[in-house]
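Observations on the three-dimensional arrangement
In case you want the letters, here they are:
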Amino acid sequence: MVGARWRRLWQTVAVGGLGLSLYAGWLTIDDVRDRAASERDIAAACDHLISGAQVMNLQGGMVRAQSDGYDEYRLDARHLPSACTLYKVTGAHRTSDLLRLIVESSDGDQPVNMTGRQGSPFLTTTDGHEYKRDVTAIADRMPEPWPLGDGTLGSYTNTSTTIRAECGPGSGAAAPKLLNVTAVARYQNVSAGDRERLARIARAATQKLTRRIDCKAQLPALPAQLAELPVKLRPVASATGSCRWAGRLVKEQGQGRLPDRALAVPVRDVAPVEGCLLAVGPHQVRDISDGLDFDQRDYAESALTSSPWWLRTVSYVGAEAQSVANEEVGAGEDVRLRPGTAGGRNGTWWASSTCDGKPALHTLTVDHLYDDILGPRALDSLFRAYVDDITTRRGCTHVTFPDAKDFHTL
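Residues numbered from 1 in each chain as written. Predicted model: local features only at pLDDT ≥ 70, side-chain atom pairs only at ≥ 80, totals over all residues. Heavy atoms only, no water.

1. Description of the overall build of the protein chain
Spelled out, the test is: Where helices and strands are cited, they refer to DSSP runs of H or I of at least four residues and of E of at least two residues respectively, numbered from the N terminus. Partly exposed residues are those whose accessible area sits between 20% and 50% of the maximum for their type, while under 20% is buried and over 50% is exposed, using a 1.4 Å probe and protein chains only. By definition in these notes, contact holds between two residues if any of their heavy atoms fall within 4.5 Å. Computed with the Shrake-Rupley method and a 1.4 Å probe, the accessible areas treat only the protein chains shown as cover for residues. The positive count covers Lys and Arg only, the negative count covers Asp and Glu only, and His and the chain ends enter neither. Think of each charge as sitting on NZ of Lys, CZ of Arg, CG of Asp or CD of Glu.
If you tally the helices and strands in the protein chain, you get seven helices and 18 strands. Counting across all 410 residues of the protein chain, residues that qualify as buried make up 47%. A sequence separation of at least 24 residues applies to 63% of the contacts in the protein chain between residues at least 6 apart. Here the protein chain displays about 20,400 Å² of accessible surface, and carbon together with sulfur accounts for 50% of that area. In the protein chain, 47 side chains carry a positive charge and 49 a negative one; their mean positions are 9 Å apart.

This is the structure we're talking about:
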C-alpha cells in the first residue's frame, strides 16, 4: 500500500518534471527565436553595418532588442549623415535606450565637425531637478574625447567611440575624403567591457562601410584596453596635456578673470583632433564678481546655477579641418569655417595654419555670458596663447589670426 503510494507520487513528480522540462525547452526555443529575430532587426535597421549579436552582448547580454520603427531612426549609408537607434526590450511593451550608431561624411549634407555654444559640457541640475552646488566640477554632459592610440583611428569617451577613416588615393568615386562612425551607449554606468564592445562595433561598422564604397582607408588596430576617462576638472595651474598652455598663461598673467579649472586630454601630435575644456569654479566666480559692473552681477549669480562659465579650444588638422562649421541657432544654416581663413562669429573664433603640409583650423568657443566677462583684449590674448602653443608644438606654419576687431563682435 505504502509502496503503491510512493510509486504514484514518483510518477506524478516524474510527469511534472517532464512537463516543466518541456516548458523550459519551449521557453529556450522562444528565446532563441526572439534573439535571432532581434539580431536581424538590428542589422537591417543599421544598414547591415553592425552585427546584431555584438549589440545584444551589451549590458551583460539580452534576449530581445528592437530598432525604432520610424525611417529617420534607421540608417541609410547612401545618404549621410544618417543613424540608427536601438532599444533593449525589458518586458511586454517596455523598452529602454540601448545604442545609437551614427555615420557622418565630409561629403554629406552636414559637416563632420561642429563648433558652437549649444554644446555645453555641464549638467546644471540633479536628478531631483535642483541646481547642483558646483556645476563646473564635472563635465558630465560633454567631456573631452581621448585619442584612440595616437588619434589617427579616432577617439572615445566613457560612453562612445568614434572611428575615423580617411579615404586615400585609389578610392572609388563614392568614397568621401573622411568618414566618421560613432557608436554611442544610451544608458548609464557603461562598463569597461561595454566600452571595448562599443569600440569594436564602431570599427567593424567602419570596415564594412569602407569596403562597400571602395574607400582605401587603413584602420589601425584598437588599443588593448580603453581606460575609464577622467571627467572631473582639475586646477588650471597644474594642467597638463592639451591644457598645459592655459596653466602657463595663468602663471604669466595672473588669475584675473581667466578660468581656474581644466579638463585636458593626452597630447598626440599626429592626432587630427585635439581639445581642451576650461571652466570657472564657484570661488573664482565670486572673486570675479567683486570687480564686475552692477549690470554684470547677475551673470555671476547665474554662473553658479544655470549658466556656468566655460570655454573650449579644439584644433582640426588635415581632412578634419576641411569639414568644420559653427552651429548657429536661428541663423538658417551653419557657417562653414574654411582653412586659410580667420575670424570670429557668435562666440566662436578661429585661426588657420599649415601643420606638416596639412591645413589646420584652431577654434575657441566661449560661453555666451563669459565672453562679456573676459572682454575683447583678454579673449584675444587667451586665443593667441593657445594658437601659439599648439602651432609651435606641432611645427605649424602660415599662421593666420583673427583681427583684433573680431573680438569686439560679441
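2. Some details on the pairing of strand S12 (residues 310–317)
Selection criterion: Two strands form a pair only when DSSP identifies at least two bridges running between them.
Of all eight residues in S12, eight are buried, a share of seventy percent or more. Judged by which residues are buried, S12 turns out to be covered on both faces: Trp-310, Arg-312, Val-314 and Tyr-316 on one side and Leu-311, Thr-313, Ser-315 and Val-317 on the other are all buried. Relative to S12, strand S11 (residues 273–279) is paired through seven bridges, and the arrangement is antiparallel. In the strand pairing of S12, Ala-279 is matched with Trp-310. Across seven bridges, S12 lies against strand S17 (residues 358–366) in antiparallel orientation.

3. Some points on the pattern of salt bridges
Proximity of charged atoms lets side chains of opposite charge pair with each other. Where we set the bar: The working definition used for a salt bridge is a side-chain nitrogen of Lys or Arg within 4 Å of a carboxyl oxygen of Asp or Glu.
Counted under the stated rule, the structure contains 19 salt bridges. A salt bridge links Asp-97 to Arg-186, with the shortest nitrogen-to-oxygen separation between them at 3.7 Å. Of this pair, Asp-97 sits in strand S3 (residues 94–105) while Arg-186 sits in the loop between strand S8 (178–185) and helix H3 (192–212), and the two are 89 residues apart along the sequence. On the basis of relative accessibility, which here comes to 32%, the residue Asp-97 falls in the partly exposed class. The salt bridge involving Asp-134 is made with Arg-261; its shortest N-O contact spans 2.8 Å. Of this pair, Asp-134 sits in the loop between strand S4 (113–115) and strand S5 (146–147) while Arg-261 sits in strand S10 (residues 261–263), placing them 127 residues apart in sequence. Judged by its relative accessible area of 26%, Asp-134 falls in the partly exposed class. Taken together, the shared-partner salt bridges connect Arg-248, Asp-269, Glu-274, Asp-389, Arg-393 and Arg-394 into one network.

4. A closer look at the state of the cysteines
Where two cysteines share a covalent bond between their sulfur atoms, that bond is called a disulfide. The test is simple: Note on terminology: disulfide denotes any pair of cysteine sulfur atoms within 2.5 Å.
For the coordinates displayed, the defined rule picks out four disulfides. Note that Cys-243 is cross-linked by a disulfide to Cys-276, the S-S spacing being 2.0 Å. A torsion of 120° about the S-S bond marks the disulfide between Cys-243 and Cys-276 as right-handed. Of this pair, Cys-243 sits in the loop between strand S9 (234–235) and helix H4 (244–253) while Cys-276 sits in strand S11; the two residues are 33 residues apart in sequence, bridging distant segments of the chain. Assessed through its relative accessible area of 0%, Cys-243 is described here as buried. Classification of Cys-276 as buried rests on a relative accessible area of 1%.

5. Focus: the side chain of Lys-88
By the secondary structure assignment, Lys-88 is in strand S2 (residues 82–91). Discounting residues that sit within four places of it in the chain, Lys-88 has contacts with Gln-59, Met-62, Arg-64, Ala-65, Arg-94, Thr-95, Ser-96 and Leu-98.

6. Things to note about the packing of H4 against helix H7 (residues 370–393)
As a reminder, the rule being used: Each axis is a line fitted through C-alpha atoms, and for a helix only the stretch in contact is used; angles between axes span 0 to 180 degrees, taken between their N-to-C directions. Oblique is the label for any angle not covered by the other classes, which are roughly parallel (under 35 degrees), roughly antiparallel (over 145) and roughly perpendicular (65 to 115). Left-handed is the label given to a crossing in which the near helix is rotated counterclockwise from the far helix by less than a right angle, and right-handed is the label when the rotation is clockwise.
Their axes nearest at 10 Å, the elements H4 and H7 cross at an angle of 130°. Classified by the angle between their axes, H4 and H7 sit oblique to one another. The chirality of how H4 crosses H7 is right-handed. Residues Trp-245, Arg-248, Leu-249 and Gln-253 of H4 touch H7, and the partners they reach there are Ser-381, Leu-382, Ala-385, Tyr-386 and Asp-389.

7. Concerning the confidence of the model for the protein chain
The following threshold applies: pLDDT gives the predictor's per-residue confidence on a scale running from 0 to 100.
When pLDDT is averaged along the protein chain, the result is 89, and 91% of the positions lie at 70 or above. Ranking the elements of the protein chain by mean pLDDT puts helix H1 (residues 2–45) last with 58 and S10 first with 98. Note that pLDDT drops below 50 for residues 5–27; the model gives that stretch zero contacts with residues more than four away or on any other chain.

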